[in-house]
Amino acid sequence: MKAVRFHETGDANVLTCEDVPDPVPQDHEVLIRVEATGVNFADVMRRRGDDYPEATPLPFTLGAEIAGTIVATGKAVTSLQVGMSVLAVPGAGGYAQYICVPEAIVVPLPDGVAPVHAAAIVANGLTAALVLRNAARLVAGETILIEAAAGGLGSFAVQLAKHYGAGKVIAAASTPEKRALAERLGADATVDYAAPDWADQVLALTDGKGVDIILETAGGDNVAEAFKALATFGRMIFIGQSSGETSLIDPWALTVSNHTLTSFYVGAYLAFPALIQSTIAEIVGLIVSGHIALQVNTVLPLAKAAEAHRLLESRRTSGKVVLQPWGDA
């Protein structure tokens, strides 16, 4: 089968499309013919060799979320059958034509949800839901600031925050076009977080109080600026650092206003398959019912994985980037 791997970290050119052996399912696994795999900024970070919560043994196949069709099952699998359309969160290995995954993390797709759309649900939709409920502990009526609000994760977070009862959703994005998209998805207001002192824009939108929750994704100097916009008893959830730059926070800076800095990594939640399955099922239901609009704006064949990474790094994308392993090169 074809798979995209990298044998050393570096720029997008280290990604190579190679022939590798077909995987064989173990007793509690299913073999999936991958029809679509989502591309996430976490993939870029691992490829570049940035700091990452998990080790990246080389050679490595990226791809944390996939959708496709079951073509074989292990002898102990009881709830899934060959021919079923499914999605899964393997964590890695999705940049390939086939993948074996445990039965417990596989979710059947309802009729009418195409694989290319399903691949946008898993990492971004799942992350947004778990962040808002489990890490941020969003309470109805609270104000939230969502960075990179037009991206794959941000576009879900804007919509889910409104669905979960946020009082005001402020979307941060770097271009007028991206801010307009966030507003179409339901954001109550937008700010340009590429502008100097952009936290002042947020304070102005909240009558000087600041926001209760910040979903922080950029890292670097952005973190200190974002903290200026955090309300008393506010929580900042650190999800990533797309800038590739880390940040240093003085604990005393949190004290007087009772600020909370916490973090989120979806990989740790994979230890709770029932939660994963129920959350994904919830998101699929919201999409099928029309309560959430999917944003899949870039679809490329697997052989163009390097191009997908360059697009993400250049910040020229909005919505989700998806690879099709069986698409034409």
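Everything discussed here concerns the structure shown above.
Residues numbered from 1 in each chain as written. Predicted model: local features only at pLDDT ≥ 70, side-chain atom pairs only at ≥ 80, totals over all residues. Heavy atoms only, no water.

Participant: What is the right way to read the overall build of the protein from this model?
Facilitator: Check the secondary structure of the protein and you find 11 helices and 15 strands. Over its C-alpha trace the protein gives a radius of gyration of 20 Å, about what one expects of a compact globule, namely 20 Å for 329 residues. Projected onto its principal axes, the C-alpha coordinates of the protein cover approximately 60 × 40 × 35 Å. Taken across its 329 residues, the protein has 52% of its residues classed as buried. In the protein, of all internal contacts separated by at least 6 residues, the share reaching a separation of at least 24 is 69%. Carbon together with sulfur atoms contributes 53% to the accessible area of the protein, which is approximately 13,800 Å² in total. (Helix = DSSP H or I, 4+ residues; strand = E, 2+ residues; numbered from the N terminus. Rg over C-alpha atoms; globule rule 2.2 N^0.38 Å. Buried < 20%, exposed > 50% of the residue type's maximum accessible area, 1.4 Å probe, protein only. Contact = heavy atoms within 4.5 Å. Areas by Shrake-Rupley, 256 points an atom, 1.4 Å probe, with all protein chains shown as cover.)

Participant: Help me out: how do you make sense of the pairing of strand 11 (residues 211-216) in this one?
Facilitator: Successive side chains on a regular strand alternate, one facing one side of the sheet and the next facing the other. For strand 11, a buried count of five out of six residues is recorded, marking the element as mostly surrounded by other parts of the structure. Of the strand pairs in this sheet, strand 8 (residues 143-146) and strand 11 are connected by three bridges, and their pairing is parallel. Residue pairing for strand 11: Ile144 is matched across the bridge by Ile213. Relative to strand 12 (residues 230-238), strand 11 is paired through five bridges, and the arrangement is parallel. Along strand 12, the bridge assignment pairs Val211 with Leu230. (Pairing = 2+ DSSP bridges.)

Participant: How should I be thinking about the environment of Ala157 in this particular structure?
Facilitator: Mapped onto the elements of the fold, Ala157 is located in helix 4 (residues 152-163). With residues up to four places along the chain from it excluded, the contact list for Ala157 reads Ala128, Leu132, Ile146 and Leu215.

Participant: Please explain the nonpolar core as it appears in this structure.
Facilitator: Burial of nonpolar side chains together is a common tendency in soluble globular proteins. The biggest cluster of nonpolar side chains holds 49 residues, and the ones touching the most others in it are Leu87, Ile144, Ile146, Leu215 and Ile280. Of all the elements, helix 3 (residues 121-135) adds the most residues to this core, at nine residues. Ile144 has contacts with Leu132, Ala161, Ala166, Lys168, Val169, Ile170, Val211, Ile213 and Leu215, leaving out every residue within four places of it along the chain. Among the nonpolar cores identified, the runner-up in size contains 19 residues, and Phe60, Tyr95, Leu311 and Val321 belong to it. (Core = buried A, V, L, I, M, F, W, Y, C linked by side-chain atoms within 4.5 Å.)

Participant: Where do I start with unusual backbone geometry in this structure?
Facilitator: Keep in mind that most residues, glycine aside, have a negative phi and that most peptide bonds are trans. The omega angle of the peptide bond from Leu58 to Pro59 is -5°, so this bond is cis rather than trans. Relative to the helices and strands, Pro59 is located in the loop between helix 1 (41-48) and strand 4 (66-73). Positive phi, close to 55°, is recorded for Asp197, a residue that is not glycine. The exposure class of Asp197 is partly exposed, given its relative accessible area of 46%. A positive phi angle, near 55°, is found at Asp207, a position not held by glycine.

Participant: Before we go on, may I ask you to explain the pattern of salt bridges in this structure?
Facilitator: When charged atoms on two side chains of opposite charge get close, those side chains can pair. Within this structure, the stated rule accounts for 12 salt bridges. With a shortest N-O distance of 2.7 Å, Arg33 and Glu35 are connected by a salt bridge. A relative accessible area of 25% places Arg33 in the partly exposed class. Overlapping salt bridges, with partners in common, bring together Arg47, Arg48, Asp50 and Glu313 in one network. (Salt bridge = Lys/Arg side-chain N within 4 Å of Asp/Glu carboxyl O.)

Participant: Would you explain the packing of helix 3 against helix 10 (residues 273-288) in this entry?
Facilitator: For any two helices packed against each other, the geometry comes down to the angle between their axes and how far apart the axes lie. Contact geometry for helix 3 and helix 10: axes closest at 10 Å, N-to-C directions at 105°. The orientation of helix 3 relative to helix 10 falls into the category roughly perpendicular. Contacts from Ile121, Val122, Gly125, Leu126, Ala129, Leu130, Arg133 and Asn134 of helix 3 reach helix 10 at Leu275, Ile276, Thr279, Ile280, Glu282, Ile283, Val284 and Ile287. Taken together, the residues of the contact of helix 3 with helix 10 sort by class into 11 nonpolar, three polar and two charged. (Axes fitted to C-alpha atoms, helices over the stretch in contact; angles between N-to-C directions. Parallel < 35°, antiparallel > 145°, perpendicular 65-115°, else oblique. Nonpolar A, V, L, I, M, F, W, Y, C, P; charged D, E, K, R; others polar.)

Participant: Looking at this structure, how should I read the packing of aromatic side chains?
Facilitator: Taken as a whole and assessed by the stated rule, the structure comprises five aromatic pairs. Judged by centre distance (5.6 Å) and plane angle (80°), the ring pair of Tyr98 and Trp326 falls under edge-to-face. On the criterion of sequence distance, the pair formed by Tyr98 in strand 6 (residues 98-102) and Trp326 in the segment after strand 15 (320-324) is long-range, its members being 228 residues apart. Trp326 gets classed as partly exposed once you look at its relative accessible area, which sits at 34%. The ring of Trp326 is capped by Arg33, whose NZ or CZ atom sits 3.9 Å from the centre of that ring. (Phe/Tyr/Trp six-rings, centres within 6.5 Å; stacked < 30°, edge-to-face > 60°. Lys NZ or Arg CZ within 6 Å of the ring centre and 35° of its normal.)

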